[in-house]
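As a plain string of letters, each chain reads:
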Amino acid sequence: MRQIDDPDVLKVFTSRFRMKLFSLLFRIGPVTVSELARRMNADPGQVSYHLRQMQKHGLIEDVPELARDSRERWVRAAMGGWALVRDFEAPEARAVVQAWTSQWVIDQFERLRDFQRTHMTLPEDWRHAAFGGSHHLRLTKDELAQLADQLYAVLQPWRELTKSRVESSEAPPDTRPIFIFYHAFPEEP
């Protein structure tokens, strides 16, 4: 898992457009730039510009083997995964982290809200497979760190399966993108 310790990488996602573009790219990629532009209801030049900004920091990658000619550009989200180092010293870096965190949380809750609004359009078996929850625990900081490690370990085989399916373009026909988000943080007593 890549540790993000450069605030310039996070700056990429302080843009709402880029956050939405990356989420879409992850859900449907590999995909052409023109198809991304169509789905984002945006100009292909605008989409290409934002993709270049993401590519500079290794967040997306080209998939040239899918292109049918030299004008067609295929891209996909980089599948490595990453974790944020939050302890930046410089005030400018802390401001970038705050802006990114705000955008990230907004994105997560908008995606959950969209699911809640549209979940009845899903087949019944998919509606019943979806889950969510909240838990209130009393832990030490070391136990919280251990919980984080265990959750990452539980998700790792599923991330590897996803990566292999995306890279090979071979997945069962009923495969869907699945969005998982959770937060674990201390609260004041």
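The structure presented is a predicted model; accordingly, all values stated were derived computationally and were not measured.

What follows deals with the nonpolar core. With 30 residues, the main nonpolar core has L10, F13, L21, L36, V47, L51 and M54 as its most contacted residues. Residue assignment for this core shows that the elements contributing at least two residues are α1 (7-12), α2 (16-28), α3 (33-40), α4 (44-56), β4 (74-77) and α5 (91-118). The element best represented in this core is α2, accounting for 6 residues.

Where α2 contacts α3, the axes come no closer than 11 Å and their chain directions differ by 120 degrees. Here α3 runs oblique to α2, going by the angle between their axes. The way α2 lies across α3 gives a crossing that is right-handed. For the pair α2 and α3, the contacting residues are F17, K20, L21, L24, L25 and I28 in the first and L36, R39 and M40 in the second. Considering only residue class, the contact of α2 with α3 consists of 7 nonpolar, no polar and 2 charged.

Using the criterion set out here, one finds 11 salt bridges in the structure. A salt bridge links R38 to E35, with the nearest nitrogen and oxygen atoms 2.6 Å apart. In this pair, R38 and E35 both sit in helix α3, 3 residues apart, roughly one turn of the helix. For E35, a relative accessible area of 22% puts it in the partly exposed group. The partner of R76 in a salt bridge is E61, with the nearest N and O atoms 2.7 Å apart.

Turning to the sheet that holds strand β3 (residues 60-62), a few remarks are in order. As summarised here, the arrangement of the 3 strands in space is β2-β4-β3, forming an open sheet in which the pairing is antiparallel. The strands lining the two open edges of the sheet, one partner per strand, are β2 (31-32) and β3. Bridge analysis of β2 against β4 gives 2 bridges, and the strand direction is antiparallel. Opposite T32, over in β4, you have W74 as the bridge partner.

This paragraph deals with α3. An α-helical turn contains 3.6 residues, so any two residues separated by three or four positions project in the same direction. Within α3, burial applies to V33, L36, A37 and M40. All buried residues of α3 fall inside an arc of 100 degrees around its axis, so they share one side. Of the surrounding elements, those touching the buried residues of α3 are α2, β2, α4 and β4. The positive-phi residue at the C-terminal boundary of α3 is N41, with phi of around 55 degrees.

In this section: a nonpolar patch on the surface. There is a patch of nonpolar side chains on the surface, built from L151, Y152, I178, I180 and Y182 and spanning about 460 Å² of accessible area. The residue Y152 is located in helix α7 (residues 141-168) in this model.

This structure, assessed with the given rule, holds 4 aromatic pairs. Note on W100 and W104: the rings are 5.0 Å apart at their centroids and 10 degrees apart in plane angle, and the pair reads as stacked. On the criterion of helical spacing, the pair formed by W100 and W104 is a turn pair, its members being 4 residues apart in helix α5. Using a relative accessible area of 3% as the deciding quantity, one classes W100 as buried. The ring centre of F179 lies 3.6 Å from the NZ or CZ of R111, which sits over that ring. Looking at R176, its charged tip hangs above the ring of W126, at a distance of 5.1 Å from the centre.

Turning our eyes to something else, we now look at the environment of D8. Along the chain, the position of D8 falls in helix α1. With relative accessibility at 38%, the residue D8 sits in the partly exposed group. Spatially, the C-alpha atom of D8 lies 8.4 Å from that of A93, the residues being 85 residues apart in sequence.

What counts, and at which threshold
- Residues numbered from 1 in each chain as written.
- Predicted model: local features only at pLDDT ≥ 70, side-chain atom pairs only at ≥ 80, totals over all residues.
- Heavy atoms only, no water.
- Core = buried A, V, L, I, M, F, W, Y, C linked by side-chain atoms within 4.5 Å.
- Buried < 20%, exposed > 50% of the residue type's maximum accessible area, 1.4 Å probe, protein only.
- Helix = DSSP H or I, 4+ residues; strand = E, 2+ residues; numbered from the N terminus.
- Axes fitted to C-alpha atoms, helices over the stretch in contact; angles between N-to-C directions.
- Parallel < 35°, antiparallel > 145°, perpendicular 65-115°, else oblique.
- Left-handed = near helix turned anticlockwise from the far one by under 90°.
- Contact = heavy atoms within 4.5 Å.
- Nonpolar A, V, L, I, M, F, W, Y, C, P; charged D, E, K, R; others polar.
- Salt bridge = Lys/Arg side-chain N within 4 Å of Asp/Glu carboxyl O.
- Pairing = 2+ DSSP bridges.
- Arc of directions from axis to C-beta.
- Patch = residues over 30% accessible without salt bridge, like charges linked within 9 Å, V, L, I, M, F, W, Y side chains within 5 Å.
- Areas by Shrake-Rupley, 256 points an atom, 1.4 Å probe, with all protein chains shown as cover.
- Phe/Tyr/Trp six-rings, centres within 6.5 Å; stacked < 30°, edge-to-face > 60°.
- Lys NZ or Arg CZ within 6 Å of the ring centre and 35° of its normal.

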